[in-house]
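# Fold and contact review
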There are 2 protein chains.
Amino acid sequence: MNAASPQHSRNAKPRAVAIVGATGAVGVEIIKCLEDRKFPVQSLRLLASARSAGKTLPFRGQPVVIEALTAESFKGVDIALFSAGSGISKEFAPHAVKAGAVVVDNSSAFRMNKDIPLVVPEINAQLLADRPSIIANPNCVAIIACVPLWPIHKHNRIRRIIAASYQAASGAGAAAMAELRDSTQAYLEGREYKPKVLPHPYAFNLFSHNASVDPVTGYNGEELKFMEETRKIFGDQQIAMTITAVRVPVLRAHAIALTIECEKTITPAETRALLVGAEGVKLVDDQANNYFPMPLDASGQGDVLTGRIRQDLSDPTGKTISLFVAGDQLLKGAALNAVQIAERLL
Amino acid sequence: MNAASPQHSRNAKPRAVAIVGATGAVGVEIIKCLEDRKFPVQSLRLLASARSAGKTLPFRGQPVVIEALTAESFKGVDIALFSAGSGISKEFAPHAVKAGAVVVDNSSAFRMNKDIPLVVPEINAQLLADRPSIIANPNCVAIIACVPLWPIHKHNRIRRIIAASYQAASGAGAAAMAELRDSTQAYLEGREYKPKVLPHPYAFNLFSHNASVDPVTGYNGEELKFMEETRKIFGDQQIAMTITAVRVPVLRAHAIALTIECEKTITPAETRALLVGAEGVKLVDDQANNYFPMPLDASGQGDVLTGRIRQDLSDPTGKTISLFVAGDQLLKGAALNAVQIAERLL
């Protein structure tokens, strides 16, 4: 089912909206989502660093002047969508809340705070009924995995997840996307290119995710986020989990190979039946034509493409399913999920 | 330990060597391996399709004229290295054997034939003692996974492998490598590019491996090869296995995320101790600097880079380890392994 259908009433009262980090890769997509989904915007405030102040970005055909973010930026704002990193969120979200705004935060700042809901609307929109002042938007890999796994988990509890990710440049921001393009161009021309944004050469190369590695567990920060956030989103602290997070030379959609062990036996046919028509999921599972989820197809769309559904041959008990998913990191993995949360707040 | 050290005596009798598929991506690397490793070549016969006949390729600074492959091509040949696809191997390997040559076959033609050894020299070189007339060179992903897993398996039997691959263009041949470069150049210039070699767009994209999908299991041919060949190489039919094989926009080295469950408990420290100095393995596991195996570093070298070694958090029994490996698909995954087999035959 197309998750991209706006979830707000056409008669919703227009709101004053602010975007913090409006010039970033996610910020730009938030503006587009508000436009595309006809979000009832009464006024739009674009906030960014002083460096961008005075420039404009278009919204509904009109230029909107970017303002420098300050503690006073949220006066009169109803909904503030933050996407400028964890430090900015920690510093400025309290100011937004104090000014009376509801904050939807795309950073990791508040995700694991037990008093703040971590929301994927297809899964736990009911947490918004308590009118929280801050709502955290999950990590992109967690969102993209959780959307197709939730219908399975609801029906037949998932007790173990083994994942390997194929993560796009966009997760590291617009500068990383530019670095992938520029370094690839240089490679093709035989020119040297010194990485500026990511720690390793990116042209026709891949590397373990650049988040720092926890010396105790050996998992990197991205992997730990995926595991703890998925448990919080599902409201199930007992799910056993592992993931290997890898940055691949793809521009803006993540893919994930998932092996999931359920509590009871499960077949590919049952899995497909659970996923056909599931909110936010699009089945792309054409074995005869070898057509499965690809980042190229996922880019620009709100649904998580899901396929390669098969009985996992490594579990003779018949409780394990393997699948492969792809979702737009900037949309469902970030901007779209945040705007969907805002829609449910209306 | 550097697997690239030649395993032949400096006094070995020079042999008449033929390469079938000499102009392919692997064929060219075989020629280089024979040169680099000072293989005792008395004469070199380069065999290819009639299309390439009459052209030359250099060997030790001299041009060698390419001949069209025929049933008569193997007269006087001691060792024939085949790398021209399964059909060619099935048709012409018997002619080579009849002419008295030993065949090292890089295709899938004979790999699962119970009378033909499937050899990774670091693991089962002892099978060469019987002087087989045909030796099969395994699938590239199987070789690259098996080299670092073998020292673990020998010490603490691996009973389950869960893998996700990140496979380079080279596995689909030189034309696929050219398609990755050309389509990426077209993308960067905003030009259309219609895929000619692979079934899906490759520029900044990835897709499930293009081998056809078995309608019964839902696994594709590449995945089934990995599983059955790994069992044959390890001589252990009971290892439970699953893999998701994915083609990524990388030129010539494969990476694999591996989750392995052993029979007894195992720690990362024990795993590292087993792998330090293991033949064909190079530990690249620098957590502090986030430096782990990458295709770029694996390209052009014979060892399988191995790192991200950590206790798998999804198995509370402490029997499971996760790791990430990268190996040159054209070298250890194909040409080098074949030449290493030939060296052991001397």
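The following refers to the structure shown. Quick caveat, the model's predicted, so the values are computed rather than measured. (Residues numbered from 1 in each chain as written. Chains lettered and ligands numbered in written order. Predicted model: local features only at pLDDT ≥ 70, side-chain atom pairs only at ≥ 80, totals over all residues. Heavy atoms only, no water.)

### Remarks on unusual backbone geometry
With a phi angle near 50°, Phe204(B) is a residue other than glycine that sits in the positive phi range. Tracing the sequence through the fold places Phe204(B) in the loop between helix 5 (174-188) and strand 9 (207-208). (Helix = DSSP H or I, 4+ residues; strand = E, 2+ residues; numbered from the N terminus.)

### A short note on the relation of the copies chain B and chain A
Overlaying chain B with chain A gives an RMSD of 0.0 Å, the required rotation being 180° about an axis along which the chain moves by 0.0 Å. The superposition of one copy onto the other is thereby described by a two-fold rotation axis. A symmetric contact is evident, with 100% of the interface residues of chain B recurring at the interface of chain A. (Least-squares fit on C-alpha atoms with pLDDT ≥ 70 in both. Contact = heavy atoms within 4.5 Å.)

### Examining the sheet that holds strand 5 (residues 79-82) of chain A
Hydrogen bonds between backbone atoms are what pair the strands of a sheet, whose relative direction is either parallel or antiparallel. All names here are of chain A. Strand order in the open sheet formed by 7 strands is 3-4-2-1-5-6-7, with mixed pairing between adjacent strands. With one partner strand each, in any of the chains shown, strand 3 (56-59) and strand 7 (134-136) form the two edges of the open sheet. Averaged over all neighbouring strand pairs, the angle between strand axes comes to 25°, with direction disregarded. As judged from the 4 bridges shared by strand 3 and strand 4 (residues 62-68), these two strands associate in the antiparallel manner. Bridging across to strand 4, Thr56 finds its partner in Val65. Its contacts with the sheet put helix 2 (residues 86-98) on strand 1 (15-20), strand 5, strand 6 (102-105) and strand 7, and the angle it makes with strand 5 is roughly 180°. Strands in contact with helix 9 (residues 331-345) are strand 5, strand 6 and strand 7; relative to strand 6, the strand with the most contacts, it is inclined by about 155°. (Pairing = 2+ DSSP bridges. Axes fitted to C-alpha atoms, helices over the stretch in contact; angles between N-to-C directions.)

### Details of the sheet that holds strand 10 (residues 240-247) of chain A
Residue and element names in this part refer to chain A. Overall, mixed pairing links the 7 strands, which are arranged 9-10-8-11-14-13-12 in an open sheet. Across the chains shown, the open sheet's two edge strands, defined by having one partner strand only, are strand 9 (207-208) and strand 12 (281-283). As paired strands, strand 12 and strand 13 (residues 304-311) are joined by 3 bridges and run parallel to one another. By the bridge assignment, Val281 is partnered in strand 13 with Val304. Contacts from helix 7 (residues 268-275) reach strand 12, strand 13 and strand 14 (320-328) within the one sheet, and its direction differs from that of strand 13 by about 160°.

### Structural notes on the interface of chain B and chain A
Tallying the contact residues gives 63 residues for chain B and 63 residues for chain A. Together, the buried faces of chain B and chain A total about 5100 Å²; carbon and sulfur atoms form 60% of this surface. The largest contributions to the chain B side of the interface with chain A come from Phe204(B), Leu206(B) and Asn290(B), which together make up 12% of the buried area. Counting every contact that joins chain B to chain A gives 4 salt bridges. Put simply, chain B and chain A have 32 residue pairs in polar contact (both at pLDDT 80 or more) between them. Per-element tally for the side of chain B that touches chain A: the top contributor is strand 10 (residues 240-247) of chain B, with 7 residues. When its residues are assigned to classes, the side of chain B that touches chain A shows 34 nonpolar, 21 polar and 8 charged. (Buried area = accessible area lost by both parts, 1.4 Å probe. Salt bridge = Lys/Arg side-chain N within 4 Å of Asp/Glu carboxyl O. Polar contact = N/O pair within 3.5 Å; in protein donor to acceptor, adjacent residues only side chain to side chain. Nonpolar A, V, L, I, M, F, W, Y, C, P; charged D, E, K, R; others polar.)

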